[in-house]
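If you want the building blocks of each chain, they are given just below.
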Amino acid sequence: MFEHTQMKCLHALLDTIIPPDDYPGAVEAGVGDYLQRQLAGDLAESLSSYETWLADLDAEARAVNGTDFADMTPRERAELLTRVETGVVKARWSIEPAAFFREIVEHCAEGYYSDSGNGGNRGGIAWRMIGFEVTG
Amino acid sequence: MSDYDAIVVGSGAGGGVAAAVLAEAGKSVLLLERGRNLSFEAVGRDHLRNQRMPVYGHNAGPDIDGNPRTIEADSFPILVGQALGDLRLLRPHEPGYQNNAACVGSGTRVYAGQAWRFMPQDFRMASEYGLPKGSSLADWPITYEDMAPYYEKVEWEIGICGDHRTMTHLPAYDRPYPMPALPLPHKSGIHKRGLESLGWQWLRVPRLINSVPYNDRPGCINCQHCVGYACPADAKNGSQNTTVPRALRSGNCTLRAEVMVERLDSSDGGRITGVTVIDAAGERQTYTADVLVLSCGAVETARLLLNSATRHEPTGIGNSGDQVGRNLQGHYYPGAAGLFPDVMFDGVGPGCSIATCEFNHGNDGIIGGGFLGDEDIVTPITLWKRFYPPDAPRWGIEAKRFMRDNFRRINDVTGPVQEIPSPEARVTVNPRVKDKYGIPVVHLSGKTHPETVRSARFMHERAKEWLLASGATKVWGKPPPRYLSGGQHQAGTCRMGEDSATSVVDPFCRVHSHDNLFIADGSPHVTNGGFNPVETIMALAWRTAENIVKRW
């Protein structure tokens, strides 16, 4: 679905939206798998927007930092996304940056916090983190 | 000679009761259900595809493909579905569709089972409040006293737990509930003290759940997946494990699932003789019966009547007064969420245990009102999508820490508002759009009456007061805008009355123009109370079916 560069960018993005700390970040928890499954199914119509947005994000990173998004430090990525979220961008975006970022955040949360049957929340790790225990 | 004494269309709350009462009275019954007969595993626990949080689909039907409806673009406050000329084309999980589950048991397979009697005032809303401009508000032709024995029957025969002594907003019960109320979760105890500090009445929420073993099934195991899912202990009492098995055990009932009724069949003289159905393989069949009972829910029952027009009734069966499909009601659910200093969540399900009926009636300048209750356990993604504070971070390490620190501290209270009926809130059929069976689909139009929105705003404020009294340090939520309501509590589209010019069915839920056609679902409700309607649907179906037997 995504080629190597896009995947690197996507994973860096997901781990900036839900970063690792003493609990796994988005990618380790399986959000990438969740998203791949969704983009091949319920969210198939969003795939091209994802591709465009990720390409624009890398262009933005190069305009701001001279590197791809994935090669920025976590702090630099978070700062860049804060600007993207408020629509303050340097590169020419071919998709509205802020609105689609909100959608990606939503998809990322779906993968992280919904049941692991959807591909994310691997081993119920997100539920353990927040204290949602399933007893029956 | 007909194939069956009676055909019941739909196996939800009303259809299950009708099938059981008729079959146990010795009538041969064909019970038809368009959905599947779903196992616990088939319903599953998908947090993104369930009746409570249908982000990408449903776990209990209908399938998202092949079952579209259309809606006027301005009937819903957000842009929904796909454009279709001036209309929007909706799939079942999309907002505005007014879905109810399609499976054996229908909504009762996956509901919360909140089991409320309507109040005496709920049956005489026009007398209590007058007629708001533009509304079709009316009294029911029957009273609480007519319904009370049937409420009691449902409580004992289907199985409801609760504490009748706390139901101080109602006339005294003749019999207590057959089972004690469910255990009180930690947060419900806190909300109870909040209500006490405000001086507001509180009660233990009655539920169609076995709190202890009852009717040969076990008691609730207090799991976290009640509303929106199937019960792992089979302790939640829906049609699929109560009335439908009773009907089948009588030996007089045949259940056929995955069968869609295309139309009601009529004789040359206009008498209803049976149904034409299409099964899962696409085969068309006809069944004849002496009596027909429609229990498809307020939206689909209206659709079936309108799609069954004859030479004698060219605008649809029972529709000579142009009333079929009008007055669609459901429930606005105003509420609010709050952040609490201490952990509220203890994982004890189902969760909604404490409520107040302080504001169902008698509110200055408000027509009716509703109850407010605490909430069933909210899954993490549902909290994220519905109850997350609007000013909290949504991404980055701060958002992750916020969820980690506060998932168990965020709690909400909410409740259904009595809707003020509007004749323009309406189900018709769209002959230009067909479902997978080739049957013209439902078209939805209009909006609820503005008085509903006023009541909802009033209740939203009360919800915030309650949360603050329970100790919330911060509360949030928005009062709802005006839109078309129906959904899982859908009602009103075939209203009950004495006069065929202003109603569709008589006080025993018989379609005025036919002596053998009855309705047993929410459609006959003239108004829908400020309560979950399922116990009223079941009680009314019991009364209707008993009367059918009595007059056979």
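Described below are features of the structure shown in this document. (Residues numbered from 1 in each chain as written. Chains lettered and ligands numbered in written order. Predicted model: local features only at pLDDT ≥ 70, side-chain atom pairs only at ≥ 80, totals over all residues. Heavy atoms only, no water.)

All right, on to the overall build of chain B then. For chain B, the helix and strand inventory stands at 11 helices and 18 strands. The globule rule puts the C-alpha radius of gyration for 552 residues at 24 Å, and the 22 Å found for chain B is close to it. Taking the principal axes of its C-alpha atoms as reference, chain B extends roughly 70 × 55 × 50 Å. The buried share among the 552 residues of chain B stands at 67%. For chain B, restricting intrachain contacts to residue pairs at least 6 apart in sequence, the fraction spanning at least 24 positions comes to 72%. As displayed, chain B has an accessible area near 18,700 Å², and 49% of this comes from carbon and sulfur atoms. Taking the 57 positively charged and 59 negatively charged side chains of chain B as two groups, their mean positions are separated by 5 Å. (Helix = DSSP H or I, 4+ residues; strand = E, 2+ residues; numbered from the N terminus. Rg over C-alpha atoms; globule rule 2.2 N^0.38 Å. Buried < 20%, exposed > 50% of the residue type's maximum accessible area, 1.4 Å probe, protein only. Contact = heavy atoms within 4.5 Å. Areas by Shrake-Rupley, 256 points an atom, 1.4 Å probe, with all protein chains shown as cover. Lys, Arg positive; Asp, Glu negative; His and termini not counted. Charge placed at Lys NZ, Arg CZ, Asp CG, Glu CD.)

Among the nonpolar cores identified, the biggest contains 120 residues, and Leu264 and Val275 of chain B are the most heavily contacted of them. At 9 residues, the largest contribution of residues to this core is made by helix 11 (residues 534-550) of chain B. In contact with Val275 of chain B, other than residues within four places in its own chain, are Ile7, Val9, Leu32, Val261, Arg263, Leu264, Asp265, Gln285, Thr286, Tyr287 and Leu292 of chain B. If you look at the next biggest cluster of nonpolar residues, it comprises 64 residues, including Leu54, Val84 and Ile130 of chain A together with Ala337 of chain B. (Core = buried A, V, L, I, M, F, W, Y, C linked by side-chain atoms within 4.5 Å.)

Take the packing of aromatic side chains next. For the structure shown, the criterion picks out 26 aromatic pairs over all chains. Here Phe371 of chain B and Phe531 of chain B contribute two aromatic rings whose centre-to-centre distance is 5.8 Å and whose plane-to-plane angle is 20°, an arrangement assigned as stacked. A residue pair is termed long-range when its members are at least 10 positions apart, and Phe371 of chain B in the loop between strand 12 (354-356) and strand 13 (372-374) and Phe531 of chain B in the loop between strand 18 (517-519) and helix 11 qualify at 160 residues. Classification of Phe371 of chain B by relative accessible area gives buried; the value is 2%. Grouping aromatic residues by their ring pairs yields a cluster made of Trp116, Phe118, Phe123, Trp140, Phe371 and Phe531 of chain B. Positioned above the aromatic ring of Phe69 of chain A, the side-chain terminus of Arg77 of chain A is 6.0 Å from the ring centre. The ring of Trp384 of chain B carries Arg394 of chain B above its face, with NZ or CZ at 4.4 Å from the centroid. (Phe/Tyr/Trp six-rings, centres within 6.5 Å; stacked < 30°, edge-to-face > 60°. Lys NZ or Arg CZ within 6 Å of the ring centre and 35° of its normal.)

This part covers the packing of helix 1 (residues 4-17) of chain A against helix 5 (residues 97-113) of chain A. Residue and element names in this part refer to chain A. Helix 5 packs onto helix 1 with a crossing angle of 75° between their chain directions and a minimal axis gap of 10 Å. By the angle class used here, helix 1 and helix 5 are roughly perpendicular. The segment helix 1 lies against helix 5, with Leu13, Leu14 and Ile17 engaging Phe101, Ile104, Val105 and Cys108. Classifying every residue of the contact of helix 1 with helix 5 gives 7 nonpolar, no polar and no charged. (Axes fitted to C-alpha atoms, helices over the stretch in contact; angles between N-to-C directions. Parallel < 35°, antiparallel > 145°, perpendicular 65-115°, else oblique. Nonpolar A, V, L, I, M, F, W, Y, C, P; charged D, E, K, R; others polar.)

We now examine the environment of Val88 of chain A. Residues and elements named next belong to chain A. Of note, Val88 is situated in the loop between helix 4 (74-85) and helix 5. Looking at Val88, the relative accessible area reads 49%, which means it is partly exposed. Along the sequence, Val88 and Ala98 sit 10 residues apart, while their C-alpha atoms lie 9.0 Å from each other.

So, about the pattern of salt bridges. Under the criterion given, the structure shown has 37 salt bridges over all chains. Lys400 of chain B serves as the salt-bridge partner of Asp21 of chain A, at 2.7 Å between the closest nitrogen and oxygen. One end of the pair, Asp21 of chain A, is in the loop between helix 1 and helix 2 (31-39); the other, Lys400 of chain B, is in helix 9 (residues 397-406), on a second chain. Relative accessible area serves as the criterion here: at 1%, Lys400 of chain B is assigned to the buried category. The partner of Asp63 of chain B in a salt bridge is Lys436 of chain B, and the shortest N-O contact between them spans 3.9 Å. Of the two residues, Asp63 of chain B is situated in the loop between helix 2 (40-43) and strand 3 (69-72) and Lys436 of chain B in the loop between strand 15 (426-434) and strand 16 (440-445); the sequence distance between them amounts to 373 residues. Judged by relative accessible area, Lys436 of chain B falls into the partly exposed class, the value being 48%. One connected set of salt bridges, linked through shared partners, spans Asp21 and Asp22 of chain A together with Lys400 and Arg404 of chain B. (Salt bridge = Lys/Arg side-chain N within 4 Å of Asp/Glu carboxyl O.)

Turning next to the pairing of strand 1 (residues 4-9) of chain B. Residues and elements named next belong to chain B. Counting buried residues along strand 1, 5 of its 6 residues qualify, which places the element largely inside the surrounding structure. Alignment of strand 1 against strand 10 (residues 284-294), held across 5 bridges, turns out to be parallel. Paired with Val8 across the bridge in strand 10 is Val293. Note that strand 1 and strand 2 (residues 29-32) share 4 bridges and pair parallel. The partner of Ala6 across the bridge, within strand 2, is Val29. Taken together, strand 1, helix 1 (residues 13-24) and strand 2 constitute a β-α-β crossover, and its handedness is right-handed. (Pairing = 2+ DSSP bridges. Right-handed = clockwise from strand over helix to strand, strands pointing away.)

This brings us to the interface of chain A and chain B. Facing the 38 residues of chain A at the interface are 31 residues of chain B. Here chain A packs against chain B, burying approximately 2,700 Å² in sum over the two surfaces, 58% of which is carbon and sulfur. Of all residues in chain A, Tyr113, Ile130 and Phe132 of chain A bury the most surface against chain B, accounting for 23% of the area lost on that side. Inspection of the region where chain A meets chain B yields 7 salt bridges. Summed over the shared surface of chain A and chain B, the number is 18 residue pairs in polar contact (both at pLDDT 80 or more). Of all the elements in the fold, those that place two or more residues in the side of chain A that touches chain B are helix 1, helix 2, helix 4, helix 5 and helix 6 (125-130) of chain A. Per-element accounting of the side of chain A that touches chain B gives the leading share, 8 residues, to helix 5 of chain A. (Buried area = accessible area lost by both parts, 1.4 Å probe. Polar contact = N/O pair within 3.5 Å; in protein donor to acceptor, adjacent residues only side chain to side chain.)

For the rest of this paragraph, the subject is helix 1 of chain B. All names here are of chain B. Here helix 1 contains 12 residues, and its C-alpha end-to-end distance of 17 Å stays within 8% of the 16 Å for a straight helix at 1.5 Å per residue. Where burial is concerned, most of helix 1 is hidden: 11 out of the 12 residues are buried. Here helix 1 has its buried residues at Ala13, Gly14, Gly15, Gly16, Val17, Ala18, Ala19, Ala20, Val21, Leu22 and Ala23. Immediately downstream of helix 1, the backbone of Gly26 shows phi near 95°, a positive value. (Expected span 1.5 Å × (residues − 1).)

Below, the discussion takes up the packing of helix 1 of chain A against helix 2 of chain A. All names here are of chain A. Interaxial distance between helix 1 and helix 2 falls to 10 Å at its minimum, and their mutual angle equals 120°. In terms of axis orientation, helix 1 runs oblique to helix 2. Two packed elements cross with a definite hand, and for helix 1 against helix 2 that hand is right-handed. For the pair formed by helix 1 and helix 2, the contact residues are Met7, Leu10, His11 and Leu14 on the first element and Val31, Gly32, Leu35 and Gln36 on the second. (Left-handed = near helix turned anticlockwise from the far one by under 90°.)

In this section: the side chain of Asn430 of chain B. Residues and elements named next belong to chain B. Following the sequence through the fold, Asn430 ends up in strand 15. A distance of 3.0 Å separates a polar side-chain atom of Asn430 from the backbone nitrogen of Arg432. Those residues in contact with Asn430 that sit more than four places away from it in its chain are Thr70, Leu87, Pro440, Val441 and His443.

Turning to the sheet that holds strand 3 of chain B, a few remarks are in order. All names here are of chain B. Taken in spatial order, the 5 strands line up as 4-5-3-16-15 in an open sheet, and their pairing is mixed. Whereas interior strands pair on both sides, the edge strands pair on one side only; in this sheet they are strand 4 (82-84) and strand 15. Taking each pair of neighbouring strands and ignoring which way they run, the sheet shows an average axis angle of 35°. One ladder, built from 4 bridges, connects strand 3 with strand 5 (residues 87-90); its direction is antiparallel. Note that in strand 5 the partner of Glu72 across the bridge is Leu87. Taken strand by strand, helix 7 (residues 297-306) contacts strand 3, strand 15 and strand 16, and its axis lies near 60° from that of strand 15.

In short, the description is geometric, and any link to function would need to be established separately.
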